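Residue-level structural notes
The chain contents come next:
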Amino acid sequence: MKSRSNFQRNYIIDAFLKLYSQLKYLFKLYVLSKPLARGVIPVSIYNADVYFGNDKETKIYKLVNHEDIPIQEAKFLEGDFLKVITPFKDEIEAIVIDTTKPGFYFCNNHILDQNLNVIYERDISFNELPIYGRELSVNFTKLEGTVAYLSNGSPRIYGHWFIYTLPMLEVYWKFIDKQVIDYYYVGEITDFKIETFAALGIEKERIVDFPCKADRSITCVINRKIQNGGFQYPSSFGYKLARNLFLPKENYSNSKYPKRLYVKRGQVQHRAVINDNEVIEYLESIGFEALTMDGRTIKEEAEIFYNADVIISVCGSALTNLLFIREGITVIEIFPFGYLDGHFYAVANYSKANYFYMIGEKIPNNSTIPHFSNVKVNINKLEKICKLANLV
């Protein structure tokens, strides 16, 4: 009865917050006359021609790609699931909009059309985008030449860069000569983006983070299909490009990095492990070393993950470095209670990893948003899944 009461309370709170957000947006737009994005264009291979096909100044390119790869099933403790991560298809649907039409505008980590509509992937509502209700800059720089959009709604997140954004480059380069792209709009410049562009041989001066318009604007929308269990899986596009850029040389080994790696969460706002000391104490007893990825370069993180035989971590951006593991290693991913996601299962599969997952314990008064929830690890269950993985 108490659980039902909490559900009803949380539902009412969420509904109130959504209504408040909508009223606040409308007040800014129509009463204060603030410059705001007006909506979203959910582009797909099926509707791109409807939105942009009548413009002589606009070209549309479409890519549908499917890779036949062997997929290993995820392993977990019997009874330890809310829903199951299931095998997936490695496929991608992408659209490139290439236009010289005036009015397209890069700002607030997005690209907008002449009517201030955000061009974005399908299956997401306008009010779910970070740009919703945020004032747009009215001051922009006019850039001569071609600007390609290379950002997302959360441009400072390491995992989003590699899994959502970097694959856009591979799509662009299938249709457009990379030499004709003068600038890349990245939303916000970070160290890992600078390091990536350096590895690509692209000068820092061509990375743009300020509001701008261009003679020619290019954007890419990648839609990940919803598959079994309601999950959206990353394609192998980003996996291949990231490995080409940062994978250590074959047979690389460094004795200063652990073979059994537990990835600490570091300085995080979400999914903190509230009994991390207990977790580390147990894992150290079976030969693990705990490291955080905070403050490291991509190269160093790639070397640490490539060196490991076993990796255990709570789900989070640090597991993006599964892009750089050797084939056949063991990975155990830990989820907060009430949350499950197949992103890193997919990345682990691309390297033929032996993948396991476990669910954390329910925590009273935890976040009502499952993927923001903190994590409490049941040490007995951790021991059992380590035995299931033949680690003890």
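Scroll up for the structure.
Residues numbered from 1 in each chain as written. Predicted model: local features only at pLDDT ≥ 70, side-chain atom pairs only at ≥ 80, totals over all residues. Heavy atoms only, no water.

**Observations concerning the packing of helix α5 (residues 191-200) against helix α6 (residues 236-246)**
Under the convention used in this document: Working convention: axes come from line fits to C-alpha atoms, limited for helices to the stretch in contact. Angles between N-to-C directions cover 0 to 180 degrees. The way it works is that DSSP assigns letters per residue, a run of H or I at least four long becomes a helix, a run of E at least two long becomes a strand, and they are numbered from the N terminus. Any angle from 65 to 115 degrees is called roughly perpendicular, while one under 35 is roughly parallel, one over 145 is roughly antiparallel, and all others are oblique. Note on contacts: a residue pair is in contact if any heavy atoms of the two residues lie within 4.5 Å. Classes in brief: Ala, Val, Leu, Ile, Met, Phe, Trp, Tyr, Cys and Pro nonpolar; Asp, Glu, Lys and Arg charged; the others, Gly included, polar.
Viewed as axis vectors pointing N to C, α5 and α6 meet at an angle of 75°, and their least axial separation amounts to 10 Å. One element, α5, and the other, α6, form an angle in the roughly perpendicular class. Residues Glu195, Thr196, Ala199 and Leu200 of α5 lie in contact with α6, whose contacting residues are Leu241, Leu245 and Phe246. Residues that form the contact of α5 with α6 fall into these classes: five nonpolar, one polar and one charged.

**Structural notes on the nonpolar core**
This is how it is decided: The definition of a nonpolar core used throughout is a set of buried Ala, Val, Leu, Ile, Met, Phe, Trp, Tyr and Cys residues joined through side-chain atoms within 4.5 Å. Relative accessibility decides the category of a residue: with a 1.4 Å probe and only protein chains considered, values under 20% of the type maximum give buried, values over 50% give exposed, and everything between is partly exposed.
Ile85, Phe162, Tyr172, Leu283, Phe305, Ile311 and Leu322 are the most contacted members of the largest nonpolar core, which totals 111 residues. In this structure, Tyr172 is in contact with Val96, Ala148, Tyr149, Leu150, Ile218, Thr219 and Cys220, ignoring residues within four places of it in sequence. By size, the runner-up hydrophobic cluster in this structure holds 14 residues, among which are Tyr25, Tyr105, Leu129 and Leu136.

**Comments concerning the packing of aromatic side chains**
The test is simple: Think of it this way: a Phe, Tyr or Trp ring, Trp meaning its six-membered ring, pairs with another when their centres are within 6.5 Å, and the plane angle makes it stacked under 30 degrees, edge-to-face over 60, tilted otherwise.
Taken as a whole and assessed by the stated rule, the structure comprises 28 aromatic pairs. Arranged with centres 5.1 Å apart and planes meeting at 20°, the rings of Tyr61 and Phe175 form a pair that is stacked. A residue pair is termed long-range when its members are at least 10 positions apart, and Tyr61 in strand β2 (residues 58-67) and Phe175 in helix α4 (residues 167-175) qualify at 114 residues. Both rings, one in Tyr239 and one in Tyr350, keep their centres 5.4 Å apart while their planes meet at 50°; by these two values the pair is tilted. Pair noted here: Tyr239 is in helix α6 and Tyr350 is in helix α9 (residues 343-350), with a separation of 111 residues, a long-range link. According to the relative accessible area criterion, Tyr239 is buried, its value standing at 10%.

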